[in-house]
Amino acid sequence: MSNDATPPTQVAHVLTEALPYIRRFHGRTVVVKYGGNAMVDEELKRGFARDVVLMKLVGINPVVVHGGGPQIGTVLERIGKETEFVQGMRVTDSETMDVVEMVLGGLVNKEIVSLINTHGGRAVGLSGKDGGLIQARRLTLTGTGPAEKAPEIIDIGHVGEVTGIDPSLMSLLDGADFIPVVAPIGVDEAGISYNINADLVAGHLAQTLRAEKLILMTNTAGILDGAGNLLTGLDAERVAQLIDDGTIHGGMLPKVDCALQAVRNGVGAATIIDGRVPHAVLLELFTDSGVGTLIHGEDVNGASGATQAP
């Protein structure tokens with residue numbers, strides 16, 4: 001045994017701690033939004049793939065929804081296509097949408113599928129267009145014009161919002177022990193494709209599938225107070241207070257709103273976790289302390305992964 005090997009007693013402790021959570025989540029669906037550094041750091045990518053495979057092997061039904069903004073930006077830059085953002089969203093004309101579909105539905109999606117399969121899983125790559133999985137409509141933004149005029153409607157092209165989810169394809173894949181990996185591309189009734197925020201897609205999928213848990217991976221530790229301490233075990237009332245006092249602001253606001261919508265619509269709990277932490281998903285699911293910021297509904301008490309155990 002090498003000097004840096006984990007002592008057997010510590011291994012036994014880890015497994016014992018994980019057991020009630022494995023029992024709790026067995027047969028349940030966990031939706032993971034995969035993004036941030038975890039998608040670009042090679043070791044974190046391999047670790048995430050192993051974690052997803054382990055989840056499936058212990059009887060959990062993981063569903064992975066991925067982003068890919070940086071990868072899209074890289075390809076657009078390579079072909080000389082300028083990118084414009086409005087209210088944090090990429091303006092997506094037809095040419096840009098072609099790149100989005102190629103990168104999200106092709107390059108990124110297939111790399112994730114390949115990694116999971118290489119580590120012993122049975123992943124299947126999907127976009128929301130497959131089997132009518134994600135129904136969408138064009139998203140329009142409201143701008144601010146002169147006070148005497150009506151608000152300006154801003155068209156940002158092929159950027160969409162979810163109008164419906166068809167869970168039948170997911171049920172077939174889960175029943176056959178496959179792991180769905182979903183690119184956040186939706187389609188409307190006319191067959192037009194839309195790029196959709198991956199957090200929103202993950203949230204809607206979690207609600208439709210009645211997931212036990214929604215996990216949103218990001219590049220922050222979670223919601224922090226003014227002193228930099230991690231906040232967790234939050235309900236809607238506490239979240240509202242943190243928004244009012246400015247603790248929750250900027251890019252964290254849409255993630256928190258996504259988590260709240262999920263728990264209000266039947267998801268057991270939602271957690272915003274730091275994807276820069278190795279094996280963050282497993283730490284959140286299978287340890288007493290958990291990681292990140294857990295947001296729960298009104299009927300759930302406690303502040304960490306421990307609240308999920310029987």
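Residues numbered from 1 in each chain as written. Predicted model: local features only at pLDDT ≥ 70, side-chain atom pairs only at ≥ 80, totals over all residues. Heavy atoms only, no water.

An unreviewed UniProt entry annotates the protein chain as Acetylglutamate kinase of Spiribacter onubensis. According to the UniProt record, the Function (unreviewed entry) comment for the protein chain reads "Catalyzes the ATP-dependent phosphorylation of N-acetyl-L-glutamate." Under the UniProt heading Catalytic activity (unreviewed entry), the note attached to the protein chain is "N-acetyl-L-glutamate + ATP = N-acetyl-L-glutamyl 5-phosphate + ADP". (UniProt positions renumbered as here; feature names shortened; annotations may be inferred.)

Help me understand helix α4 (residues 94-118) in this model?
One full turn of an α-helix is made of 3.6 residues, so residues set three or four places apart face in the same direction. Its 25 residues place the ends of α4 34 Å apart at the C-alpha level, agreeing with the 36 Å of an ideal helix rising 1.5 Å per residue. For α4, the principal kink sits at N109 and spans about 35°. Within α4, burial applies to T96, M97, V99, V100, V103, L104, V108, N109, I112, V113, L115 and I116. N-cap assignment for α4: the residue whose side-chain oxygen lies 3.3 Å from the backbone N of E95 is D93. Trailing α4 by a residue or two, G120 shows a phi angle of about 100°, which is positive. (Helix = DSSP H or I, 4+ residues; strand = E, 2+ residues; numbered from the N terminus. Expected span 1.5 Å × (residues − 1). Bend = angle between axes of the 7 residues up to and from the residue. Buried < 20%, exposed > 50% of the residue type's maximum accessible area, 1.4 Å probe, protein only. Polar contact = N/O pair within 3.5 Å; in protein donor to acceptor, adjacent residues only side chain to side chain.)

So what exactly am I meant to see when it comes to helix α1 (residues 8-25) here?
Here α1 spans 25 Å end to end across 18 residues, near enough to the 26 Å set by a 1.5 Å rise per residue. Bending of α1 peaks at approximately 35° at the position of L19, with proline P20 no more than four residues after it. E17, A18, Y21 and F25 are the residues of α1 that are buried. Each element contacted by the buried residues of α1 is listed here: β1 (29-34), β11 (213-218) and α9 (280-286). One or two steps after α1, the chain reaches G27, where phi turns positive at roughly 80°. (Contact = heavy atoms within 4.5 Å.)

What exactly am I supposed to notice about empty space enclosed by the protein here?
Any space left empty among the atoms is revealed by the rolling of a water-sized probe across them. For the structure shown, the criterion picks out one cavity of 30 Å³ or more. Taken as a whole, the largest cavity holds about 60 Å³ of empty space. Mapped by element, the contributors of at least two residues to the lining of the largest cavity are α2 (42-57) and α4. Here the lining of the largest cavity takes five residues from α4, the largest share from any one element. (1 Å grid on protein atoms, 1.4 Å probe; cavity = no way out; pocket = protein on both sides within 12 Å on 5 of 7 lines; lining within 4 Å. Points joined across faces, edges and corners; volume = space filled by probe spheres on them.)

Which parts of the structure should I look at to understand the packing of aromatic side chains?
Remark: the centre distance and the inter-plane angle together describe each pair of aromatic rings, the angle taken between the planes. Counted by the stated rule, this structure contains one aromatic pair. Ring centres of Y34 and F48 lie 3.9 Å apart, and the angle between their planes is 5°; on these two criteria the pair is classed as stacked. Of the two residues, Y34 sits in strand β1 while F48 sits in helix α2, which places them 14 residues apart along the sequence. Taken as a pair, Y34 and F48 share a single burial class, namely buried. Looking at R122, its charged tip hangs above the ring of F178, at a distance of 4.1 Å from the centre. (Phe/Tyr/Trp six-rings, centres within 6.5 Å; stacked < 30°, edge-to-face > 60°. Lys NZ or Arg CZ within 6 Å of the ring centre and 35° of its normal.)

It is not clear to me how the sheet that holds strand β2 (residues 61-66) should be interpreted in this structure. Could you clarify?
Within a beta sheet, neighbouring strands are joined by backbone hydrogen bonds and run either parallel or antiparallel to one another. Spatially, β5-β8-β2-β1-β11-β14-β15 is the arrangement adopted by the seven strands of the open sheet, whose pairing is mixed. Both edges of this open sheet fall to β5 (123-127) and β15 (293-296), since each of them pairs with a single strand only. Looking at each pair of strands side by side, their axes are set apart by 20° on average, direction ignored. Relative to β2, β1 runs parallel, the two sharing six bridges. When the bridges of β2 are listed, K33 appears paired with V65. Lying over the sheet, α2 contacts β1, β2, β8 (179-183) and β11, oriented at roughly 150° with respect to β2. (Pairing = 2+ DSSP bridges. Axes fitted to C-alpha atoms, helices over the stretch in contact; angles between N-to-C directions.)

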